[in-house]
Amino acid sequence: MHVHCSSRKKNSRSEPATKTIMSSFLHQRPFQISTSDPHHHQSSPRSVQNYQNATSAIFSRPAAVLLLLLLLIILGLLFPYIKSPIFFNSNSFETKWRAYTLRDAAEFVAKNNTLIVCAVSQAYLPFLNNWLISIVHQEQHDKVLVIAEDYATLYKVNQLWPGHAVLVPPALEASAAHKFGSQGFFNFTARRPRHLLQILELGYNVMYNDVDMIWLADPFGYMKGEHDVYFTDDMTYVKPWNHSHELPPPGQKGRTYICSCMIYMRPTSGAKLLMRKWIEEIQAQPWPKTKKANDQPAFNWALMKTAGKVDMYLLPQSAFPSGGLFFKNETWSHETMGMHVIIHNNYITGFEKKIKRFRIYGLWFVDYDASISPLGSL
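Everything quoted here is computed from the prediction, not taken from an experiment. (Residues numbered from 1 in each chain as written. Predicted model: local features only at pLDDT ≥ 70, side-chain atom pairs only at ≥ 80, totals over all residues. Heavy atoms only, no water.)

A. A look at the environment of Asp233. Structurally, Asp233 is set in strand 6 (residues 229–233). With 88 residues separating them in the primary sequence, Asp233 and Pro321 have C-alpha atoms 7.6 Å apart. There is a polar contact of 3.0 Å between the side chain of Asp233 and the backbone nitrogen of Met235. At a separation of 2.9 Å, a polar atom in the side chain of Asp233 contacts the side chain of Lys239. (Helix = DSSP H or I, 4+ residues; strand = E, 2+ residues; numbered from the N terminus. Polar contact = N/O pair within 3.5 Å; in protein donor to acceptor, adjacent residues only side chain to side chain.)

What follows is the structure, given as structure tokens:
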């Protein structure tokens, strides 16, 4: 009995030391419990608790703050090099849109097999936006495809409205088409029938507009019947209310005076024939230095030479007046108020003059409606 009692006391004295050693071991080496040990079947509750405590300590608030600061420091050190090819290919955006073809663009943009097309260089971007806002008013802007004539326009439009601009090579110089009557302007407009022919050959209906136009109503309801091509008269004299929809007779210069700035075509053999003839007439009448020239005379010669082979339709003057009639004949404009569909700001040259005239008539929409444009305020 005495020996036994002595033994119990000895064990009692050593028990706290053992617990201290074990506790210290578990706290110091909580992650080294091997689950592959064949003699190990289950971690003790205490080891699991110690593992959880250690994990919580790592992700405690002070540790998280330090980790965040460390990441910020690393990013700060690397930021000057982010634009290097190692991190970012600065040419990827340009490469993507340079490879974007007219076929790609038409397939992406067309609705009901129809496109609304304009051709624009960088200088005309404000007019593009104004025209586009007027189309947004008619809820037809999803059909708009901008044919960019320079890379600056291609990148700008696709940055703000991805997929709605395409460049058909070769690109023109950004400043080439500024002045009406210049060779640059002639080269710019001379590409128009090629673009339109390509779209027709892809099988789409196409409405072409110059961007110094604005929409006051939806024009598609006026494209009656199944004609090959629809166009407007550019004359300023007042036609009868029930005027003919046939191609008008030629004027003093021996040709008609149809506007080449608003055309609607279906993908018919007749429409394609007209575009090919227009291209031929432009090639036959190169730009002369002695007078202001554009592609419109060639368009009118093409109309006259294909008149018996192409089904043509002259749109009503009351709905599609020239700028020389709408802006300069106030009596007529007042009498036809509420009937206007597309207004052309022509019979005036110069960006500032065109913008001023639009503003006088409350038609420079970028001043108060830019927020609804897919291009914003540019």
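Picking up after the structure, the text goes on.
B. Looking closely at the pairing of strand 2 (residues 144–148). For strand 2, the buried fraction is high: five of the five residues fall into the buried class. Along strand 2, one buried face is formed by Val144, Val146 and Ala148 and the opposite face, lined by Leu145 and Ile147, is buried too. Here strand 1 (residues 114–120) pairs with strand 2 via five bridges, running parallel. Bridging across to strand 2, Ala119 finds its partner in Ile147. In this region the chain leaves strand 1, passes through helix 6 (residues 125–137) and returns to the parallel neighbour strand 2; the handedness of that crossover is right-handed. Sheet topology note: the strand 2/strand 3 (residues 165–167) ladder contains three bridges and is parallel. Bridge pairing links Ala148 to Leu167 in strand 3. Following the chain from strand 2 across helix 7 (residues 151–160) to the adjacent parallel strand 3, one finds a crossover that is right-handed. (Buried < 20%, exposed > 50% of the residue type's maximum accessible area, 1.4 Å probe, protein only. Pairing = 2+ DSSP bridges. Right-handed = clockwise from strand over helix to strand, strands pointing away.)

C. Spatial organisation of unusual backbone geometry. The omega torsion across Pro169 and Pro170 is 0°, close enough to zero to call that bond cis. Its location among the elements puts Pro170 in the loop between strand 3 and helix 8 (183–190). Even without a glycine there, the phi angle at Asn112 is positive, about 55°. Examined against the element boundaries, Asn112 turns out to sit in the loop between helix 5 (102–109) and strand 1.

D. Main features of the side chain of Asp233. Note on Asp233: relative accessible area 8%, which makes it buried. Leave out the neighbours within four places in its chain, and Asp233 touches Lys239, Pro248, Tyr257, Ile258, Leu314 and Ser322. (Contact = heavy atoms within 4.5 Å.)

E. Inspection of the pairing of strand 7 (residues 258–265) at higher detail. Among the eight residues that make up strand 7, eight are buried, leaving the element largely enclosed by the rest of the structure. Alignment of strand 4 (residues 205–209) against strand 7, held across four bridges, turns out to be antiparallel. Pairing of Val206 across the sheet is with Met265, part of strand 7.

F. Inspection of the packing of aromatic side chains at higher detail. Within the structure shown, the criterion is met by 19 aromatic pairs. Look at Phe326 and Tyr361: their rings are 6.0 Å apart centre to centre, the planes differ by 45°, and that puts the pair in the tilted class. Note that Phe326 is positioned in helix 12 (residues 323–326) and Tyr361 in the segment after helix 14 (351–360), a separation of 35 residues in sequence. For Phe326, a relative accessible area of 9% corresponds to the buried category. Given a relative accessible area of 35%, Tyr361 falls into the partly exposed group. Positioned above the aromatic ring of Tyr151 is the side chain of Arg98, whose terminal nitrogen or guanidinium carbon lies 3.8 Å from the ring centre. Seen from the ring of Phe220, Lys143 lies directly overhead, with NZ or CZ sitting 5.6 Å from the centre. (Phe/Tyr/Trp six-rings, centres within 6.5 Å; stacked < 30°, edge-to-face > 60°. Lys NZ or Arg CZ within 6 Å of the ring centre and 35° of its normal.)

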